[in-house]
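Topology and contacts: notes
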Amino acid sequence: QVQLVESGGGLVQAGGSLRLSCAASGRTFSSYAMGWFRQAPGKEREFVAGINWSGGTTSYADSVKGRFTISRDNAKNTVNLQMNSLKPEDTAVYYCAADRIPWRPVVKGIAGEYDYWGQGTQVTVSS
């Protein structure tokens, strides 16, 4: 059983920063790509950022490029999302997810390619 636990969400003013973390257990973390998704009220879940199993390849949604940075620490089984220059439109519940196929060199931006999900953490950006 894979468990993913997010932390670090909260309320921040526009222009501020937050750092989300996701702690993984129950599977060989270092073998799988990881992704961050978000879902705002009334909207579909969308891809935010992803990182492949080695950390050598990352991918970002256009809306967050240059503001968000994803990283991972395979020794600690964690994946992080540093969010800078936050905007009100970044308000959402953020989820981390684990790729369903190990050792993929690329990052997938489709929710169906991820088979384990955390419970989510709320990020609220006030204007």
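Please read all numbers here as calculations on a predicted model, not as lab measurements.

The rules behind each value
- Residues numbered from 1 in each chain as written.
- Predicted model: local features only at pLDDT ≥ 70, side-chain atom pairs only at ≥ 80, totals over all residues.
- Heavy atoms only, no water.
- Helix = DSSP H or I, 4+ residues; strand = E, 2+ residues; numbered from the N terminus.
- Buried < 20%, exposed > 50% of the residue type's maximum accessible area, 1.4 Å probe, protein only.
- Polar contact = N/O pair within 3.5 Å; in protein donor to acceptor, adjacent residues only side chain to side chain.
- Contact = heavy atoms within 4.5 Å.
- Core = buried A, V, L, I, M, F, W, Y, C linked by side-chain atoms within 4.5 Å.
- Phe/Tyr/Trp six-rings, centres within 6.5 Å; stacked < 30°, edge-to-face > 60°.
- Lys NZ or Arg CZ within 6 Å of the ring centre and 35° of its normal.

Moving on to unusual backbone geometry. Of note, the phi angle at Asn77 is positive, near 55°, even though the residue is not glycine. With respect to the helices and strands, Asn77 occurs in the loop between β7 (68–73) and β8 (78–83). You can call Asn77 partly exposed: its relative accessible area is 25%. Positive phi values are uncommon outside glycine, yet Trp103 reaches one of about 65°.

Attention now moves to the side chain of Asn52. On the secondary structure map, Asn52 appears in the loop between β5 (46–51) and β6 (58–60). Classification of Asn52 as buried rests on a relative accessible area of 4%. At a separation of 3.3 Å, a polar atom in the side chain of Asn52 contacts the main-chain carbonyl oxygen of Pro105. If we skip the residues at most four places from it in the chain, Asn52 touches Ala33, Thr57, Arg72, Arg104, Pro105, Val106 and Val107.

In terms of nonpolar packing, the biggest core is built from 28 residues, with Trp36, Leu81, Met83 and Tyr94 touching the most fellow members. The set of elements that each furnish at least two residues to this core consists of β3 (18–25), β4 (34–39), β5, β7, β8, β9 (92–99) and β11 (121–126). Residues in contact with Leu81, not counting those within four places in the same chain, are Leu18, Arg19, Leu20, Trp36, Val48, Ala49, Phe68, Thr69, Ile70 and Tyr94. Phe37, Ala97, Val107 and Tyr114 belong to the second-largest nonpolar core, a separate cluster that totals 5 residues.

Along the chain, the position of Arg104 falls in the loop between β9 and β10 (114–117). Residue classification places Arg104 among the buried residues on the basis of a relative accessible area of 13%. Here Glu113 takes part through its side chain, which lies 2.9 Å from a polar atom of the side chain of Arg104. Aside from chain neighbours lying at most four places away, what touches Arg104 is Asn52, Trp53, Asp99 and Glu113.

What describes a pair of aromatic rings is the distance from one ring centre to the other and the angle between the planes of the rings. The tally for this structure, following the rule as stated, stands at 5 aromatic pairs. A ring pair is formed by Trp53 and Trp103, whose centres lie 4.9 Å apart and whose planes are at 80°; its orientation type is edge-to-face. One end of the pair, Trp53, is in the loop between β5 and β6; the other, Trp103, is in the loop between β9 and β10, with 50 residues separating them in the sequence. Members of the aromatic cluster, each reached through a chain of ring pairs, are Phe37, Phe47, Tyr114 and Trp117. Directly above the aromatic system of Tyr95 lies the positively charged group of Arg45, at a separation of 3.9 Å from the ring centroid. Sitting over the face of the ring of Phe29, Arg72 holds its NZ or CZ atom 4.4 Å from the ring centroid.

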